[in-house]
Amino acid sequence: MRKALFFAILLLIAFPVLMQWLGYLFYVSFASRVMIYAIAATSLNLVLGYGGMLSFGHAAFVGAGAYVSSILVAEGVASAWIGWPAAIAASALAAWIIGAISLRTRGVYFIMITLAFAQMMFYLVNSMKAYGGDEGLTLPRRAELGLGVDLASEVAFYYTVLAILLLALYALHRLVHSRFGRVVIAIRENAARVEAVGLPVYRYQLVCFVIAGAAGGLAGALLASHGKYVNPNVLHWVQSGTLMIMVILGGVGHLWGGVIGAAVLLGLEHLIADHRVAWLAEIAPNYQQHANLGVGIVLLAIVLFAPQGIAGLVTRKRNARP
Amino acid sequence: MLALRNVSKRFGGVVATDDVSLAVARGEVHALIGPNGAGKTTLIGQISGSLATDAGAILLESADITAWREHQRVKAGLARSYQITSIFRRFSVLDNLALAVQARSGSSFSFWRPVAAESALFEEARTIAREIGLAERLEASAGTLAHGEQRALEVGLALATRPKLVLLDEPMAGMGPEESHRMIALIGRIRASVAVLLVEHDMDAVFRLADRITVLVNGRVIATGKPEAIRADPEVRRAYLGDELAA
C-alpha cells in the first residue's frame, strides 16, 4: 500500500513533464480540474462518508468559495494569499450557519434542508447583477501566488493544486485518526450511544460540517481560478449531486474515495464525449450527448455490486476503523 | 445520590410515568421492577436525559439536573445502559471502550494527534474489558460477539464513563443462566464504587442484588422498601410478583 502510494505520487509529479513532452498540454489542465474536484469530493466525503451526514448541499460551499475569490480578483485583489483564505473563511461561515440549523434535523429532512439552503444561495448569486448574474463572472486572470510561481502556467497551476490535494488528504488522514475523528465516526455508527457516553453529538457534527465546508470553499476558489470563470451553476443542486456521485463511486468513508470518484467520473465523461466509438455511433448516432447514461450505468453497478465504492474493492474489509 | 420528585411523562394521551418519587442512596443497588409497560424504560430515559421530563424534578447529588442535556448528565457521573443493546457494532471491543474512556478524559476536540498514540486510553479500556470479562475479545468486532458478550459490553460502555450512578436497563435481557450469573457477579463487584439503579425482570437477580426495591405499575410507584418487605407486600404480589413467584 505504502509502495503503491509512493509510485502514484511519483507518477503525478512526472505527469506534466510527460504530457509536455508528448504535446498533450490539455491533459495537464484536465488533470488540475480532476484534482480540484477531488478536493471538493474529499471534503464532502468527510461529512458524508465519515460523519454519516447526508448533505445534499455541498455545492453551496464550493460555490461560496468560488464566488468570494472571484469577486476579489474582479475587484483587483489578485493575491491568492488573500483570495483563498477569504474563500475558506466565507465557506466556513456559510457552513456554520447552514449546519447550525440543518443539524437539528435528521434523515430525509437533513437532506432536504441542506438542499434548500444550497438552492437559496444559487438564486442569490443568480441575482447578483454586479457580478455577472446568471451569465457568470469572467476573470481577467488567475489568482497570483507570488513566490516566483506563475499560476497562469498550466504546469505551475497543476503542481499548486497537486500540493493542496496531497495536503488535504494528509489532513483528512490525521483528522479521522484523531480523537475528533473517532467521535465523528462513532456518531455515524450510533449517535444515541455517543450522547450516552457523554459527548455532545450536535457540536461535533457541526465542527465536522464546518471543516468540510471550509475545504470545499478552497476547492471552489481553485476551480474559479482554473477556468478564470465562475457562474451560478457551480452552486446548483446538480453540482451537489455530482460531488455525491463522486464520493459514492470512489468509496464512502475511504480516504481515497473522493480522489478516485472524481478521476473516474470526469474521466468517463471526457472519454464518452471526446472519443467517438464507431460501432456505438452506428447504433445510436448521438449517444455522446447522453454521457450521463453511461455514468448512470456505472453508478448503478457500483451501488449494486460494490457498496464500498471502487476504493472498497481494492482494500479488504475490516472494522470501521478508518 | 439520586432523587426523583414527582416526575411525570406523557406521550400524547398516554401517561407513561405518573408522579414518580424515588431515591437512590450512595453505594446502594436499587431495583426498579414492574410488569411490561409499567414505564420503567421511560423513567430510565427521563433520568438519563434522553427523554424530556414533563413535570417534577430530578436531582443528582442535590443538583437539579431536570433541564440538563444527556451528555452533561454523563459528565456529572450519571451513565446508562440500554435494554436493547446499543454498541458500536463495527468497532472492535477495545475501540468501543476506548471511545467511552475518551469521552470523559480530556477534550475530544483534538484534530491532529492520532488517538492510537494515547496509550493511557487503551490501557484503561483494557482494564474495563477485564472487568466485564471481555479481555480475550479485544480485537473482535462488537457486532460479531455472542449475545451475552454484547450485553457485557453494553454495561462496560456505561462503566467506562466512570459514573457515580449507573442506570442498568435489563442488563440480563435474553441471557442464559451462566451469563446471568456472570452479570450478577459483575454488578456485585461494581456496587462497591458505583450506585446502581437496576431495571430487571429476573427476580432471582433482583432479590440477590437489591438493597431496596421500587415497584412501578402503570407509571405509578406502588411500593418501595427492603426486598423482604416487597416480597411480603400484598399489593405487589397481586399486581406483579404473584405470577413471578408462582412460576
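Just above sits the structure.
Note that the structure is predicted; figures quoted are calculated from it, not measured.

1. Some details on the interface of chain B and chain A
On the chain A side, the residues contacting the 31 residues of chain B number 23 residues. For the side of chain B that touches chain A, the element with the most residues is helix α3 (residues 93-104) of chain B, which contributes six residues. By residue class, the composition of the side of chain B that touches chain A is 14 nonpolar, nine polar and eight charged.

2. Some points on the packing of helix α4 (residues 80-102) of chain A against helix α8 (residues 201-227) of chain A
Residues and elements named next belong to chain A. Where α4 meets α8, the closest approach of the two axes is 7 Å, and the angle between their N-to-C directions is 145 degrees. Between α4 and α8 lies a crossing of right-handed hand. Of the residues in α8, those in contact with G83, W84, A87, I88, A90, S91, A92, A94, A95, W96, G99 and A100 of α4 are L206, F209, V210, G213, A214, G216, G217, L218, G220 and A221.

3. Quick look at the sheet that holds strand β3 (residues 29-33) of chain B
Strand pairing in a sheet relies on backbone hydrogen bonds. The paired strands run either parallel or antiparallel. All names here are of chain B. Pairing is mixed across the open sheet formed by six strands, whose spatial order is β6-β7-β8-β3-β9-β10. On the outer flanks of this sheet lie β6 (78-81) and β10 (220-225), each paired with one strand and no other. Each strand axis lies, on average, 15 degrees off the axis of its neighbour in the sheet, ignoring direction. Sheet topology note: the strand β9 (residues 212-217)/β10 ladder contains five bridges and is antiparallel. Along β10, the bridge assignment pairs T214 with T224. Strand contacts of helix α1 (residues 40-48): β3, β6, β7 (165-169), β8 (195-199) and β9, with the helix running at about 150 degrees to β7, the strand carrying the most contacts.

4. Considering the nonpolar core
By size, the foremost hydrophobic cluster in this structure holds 174 residues, and its most contacted members are I39 of chain A together with L97 of chain B. When neighbours within four sequence positions are excluded, I39 of chain A is seen to be in contact with I164, L165, A168, A215, L218, A219 and L222 of chain A.

5. With respect to unusual backbone geometry
All names here are of chain B. Although it is not a glycine, S62 adopts a positive phi angle of roughly 60 degrees. When you line up the elements, S62 lands in the loop between β4 (55-60) and β5 (63-64). Residue classification places S62 among the exposed residues on the basis of 7 C-beta atoms within 10 Å. Here R162, not a glycine, exhibits a phi torsion of approximately 50 degrees, which is positive. Within the secondary structure, R162 sits in the loop between α5 (147-159) and β7.

6. A word on helix α7 (residues 179-196) of chain A
Residues spaced three or four apart along an α-helix point in a common direction, a consequence of the helix completing one turn every 3.6 residues. All names here are of chain A. In this model, α7 (18 residues) spans only 17 Å end to end at C-alpha, well below the 26 Å of a helix rising 1.5 Å per residue. A maximum bend of about 125 degrees is found in α7 at N190. Of all 18 residues that make up α7, 14 are buried, and the element is covered over most of its length. Of the residues flanking the end of α7, it is G198, one or two places downstream, whose phi is positive at about 105 degrees.

7. Things to note about the environment of S55 of chain A
Residue and element names in this part refer to chain A. Inspection of the secondary structure puts S55 in the loop between α2 (25-50) and α3 (59-74). Note on S55: 31 C-beta atoms within 10 Å, which makes it buried. As a C-alpha pair, S55 and Y287 span 232 residues in sequence and 32 Å in three-dimensional space. The contacts of S55, once residues within four sequence positions are left out, are L44, V47, L48 and T114.

8. Brief notes about the sheet that holds β4 of chain B
Residues and elements named next belong to chain B. Within the open sheet, the four strands sit side by side as β2-β1-β4-β5. Their pairing is antiparallel. Taken across any chain shown, the strands that pair with only one partner, and hence form the sheet edges, are β2 (14-24) and β5. Two strands pair when backbone bridges link them, and strand β1 (residues 2-11) and β2 are joined in this way by seven bridges, in the antiparallel orientation. From the neighbouring strand, A3 faces β2, where its bridge partner is A23. Here α1 sits on the sheet and contacts β1, β2 and β4; the angle it forms with β2, its principal contact strand, is near 65 degrees.

9. Observations concerning the environment of G227 of chain A
In this fold, G227 of chain A is placed in helix α8. Residues G227 of chain A and I283 of chain A, spaced 56 residues apart in sequence, show a C-alpha to C-alpha distance of 35 Å.

Calculation rules
- Residues numbered from 1 in each chain as written.
- Chains lettered and ligands numbered in written order.
- Predicted model: local features only at pLDDT ≥ 70, side-chain atom pairs only at ≥ 80, totals over all residues.
- Contact = placed C-beta atoms within 7 Å.
- Helix = DSSP H or I, 4+ residues; strand = E, 2+ residues; numbered from the N terminus.
- Nonpolar A, V, L, I, M, F, W, Y, C, P; charged D, E, K, R; others polar.
- Axes fitted to C-alpha atoms, helices over the stretch in contact; angles between N-to-C directions.
- Left-handed = near helix turned anticlockwise from the far one by under 90°.
- Pairing = 2+ DSSP bridges.
- Core = buried A, V, L, I, M, F, W, Y, C linked by C-beta atoms within 7 Å.
- Buried ≥ 20, exposed ≤ 12 C-beta atoms within 10 Å, placed from the backbone.
- Expected span 1.5 Å × (residues − 1).
- Bend = angle between axes of the 7 residues up to and from the residue.

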